[in-house]
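# Structural overview for review
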Amino acid sequence: MIASRSHPGAPSWLAVRALVFTAVLCVSCSDKKKPVDPPPVDGTDVRVQLLSAAGECILGTARDFLPKATALQAATVTLRDAPDAAAVAAARTAFHEAMDVWEVMEAMQVGPAAPRSSPGGAEIRDNIHSFPLYNRCSIEEQIVSKGYESASFSTSLVTRRGFLALEYLLFYEGAETACGPNSAIVAQGTWAALPADERAARKRAYAAVVAADVRTRAQALVDAWAPEGGNFLKTLATAGSGNTVFPTTQVALNAMSDAIFYVEREGKDQKLARPLALRDCASDTCPELLESQFAGRSKQNLHLNLVGFRRIVDGCGPDYSGTGFDDVLVAAGAEAVATRLRAEVVGAEAALAAVEEDDLRQALAQDKASVQAVYTEFKGITDVLKTDFITTLDLEPPAGLEGDND
């Protein structure tokens, strides 16, 4: 849900009330037995091994993304300066290749990529890909005003930047605007007054600015994680006493858990339930709520989100080998939970593969039942996450998911 996207690490009001109530009860209870700190953990603890492996996986994926973002920036500059059919095709290919890596990163929003409300959060993800926050009119207003030329553009609204803006600028060829009559570009006739060739030129220039901003954020993400930079890799791996970001291993595990709940918040609820008219849609379907509006990537993106999910849950090595949350579950005596979770993910991958259409937009129109099957399989994953997974590992669900029984 969008509300939970902004505060994935914040406590619920019920949790706050419980903490306050406990504090009131214990103001004068010094004679009672004091709580015992959990035993220290070391490098042989599978939880510590998970944090180290997950950090290496996140840094490795960020490093994979950086050259793709660099190539995308270069392709948009070429398109801006020497526009022709080949340059258009090259820029679109570079967009797809960058998105192929970024969508894997979506389920790895820990530390610098996460919202500022999360431990170590720096909001880098939202500045690269703000889904589900999207406003096409805001982008078109920038085309008219040439606001992308401003020195402060990199600090402007995220709905004007990132991959969602790039997708519109590189793939949409229509002449109409999504802005309503109250928008200045409609009311004053400035959109309609733009000649087609001028509008196209501005879109190319705008795309080059956005791609450069994405590349800058990609570099910042690598720098934040790398040992030679901010070394968040070490911060995550050394959770525990003396760590100001993750004062306990459990706090770090909760941050990792919040990240993989992406398949619940953005995956099941935003990318599937809304277009399927299961929420926030008054029609039989709402394809306009799909993640990829113009590049036809909605199905592919979901597949890649599952790849990122499995790299954290099953392991980041070849064929999902290596330490993952599944090993923590096994160590806790809950191998059956790990097996069930893996089976649900495999089922979701199979359901996506069974969608015969190239993308979910066509599938919604021609075979809605196949998209419904994908939703059902994603719900299978999230049902395990919200019950046996967090219960077994004594984790807190992300804020906003309490009471969410869909």
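In the block above lies the structure referred to throughout.
Since the model is a prediction, treat every value here as computed from it, not as a measurement.

Within the protein chain, the secondary structure is distributed over 18 helices and zero strands. Counting all 406 residues of the protein chain, 50% fall into the buried class. Contacts in the protein chain between residues at least 24 apart in sequence constitute 73% of all its contacts with a sequence separation of at least 6. Counting only carbon and sulfur atoms, one obtains 55% of the accessible surface of the protein chain, whose full area is about 17,700 Å².

This part covers the pattern of salt bridges. For the structure on display, the rule yields 29 salt bridges. With its nearest N and O atoms 2.9 Å apart, the salt bridge here joins Arg47 to Asp45. Arg47 sits in the partly exposed class, given a relative accessible area of 26%. Residue Lys386 is joined to Glu264 by a salt bridge in which the shortest nitrogen-to-oxygen separation is 3.4 Å. Linking Lys386 in helix α18 (residues 368-392) with Glu264 in helix α13 (residues 262-273), this pair joins segments that are 122 residues apart in sequence. Owing to a relative accessible area of 17%, Lys386 belongs among the buried residues under this scheme. Bridged by salt links that share partners, the residues Glu264, Lys268, Asp269, Arg279 and Lys386 form one connected network.

Procedures and definitions
- Residues numbered from 1 in each chain as written.
- Predicted model: local features only at pLDDT ≥ 70, side-chain atom pairs only at ≥ 80, totals over all residues.
- Heavy atoms only, no water.
- Helix = DSSP H or I, 4+ residues; strand = E, 2+ residues; numbered from the N terminus.
- Buried < 20%, exposed > 50% of the residue type's maximum accessible area, 1.4 Å probe, protein only.
- Contact = heavy atoms within 4.5 Å.
- Areas by Shrake-Rupley, 256 points an atom, 1.4 Å probe, with all protein chains shown as cover.
- Salt bridge = Lys/Arg side-chain N within 4 Å of Asp/Glu carboxyl O.

Bear in mind that shape data such as this cannot, by itself, settle questions of function.
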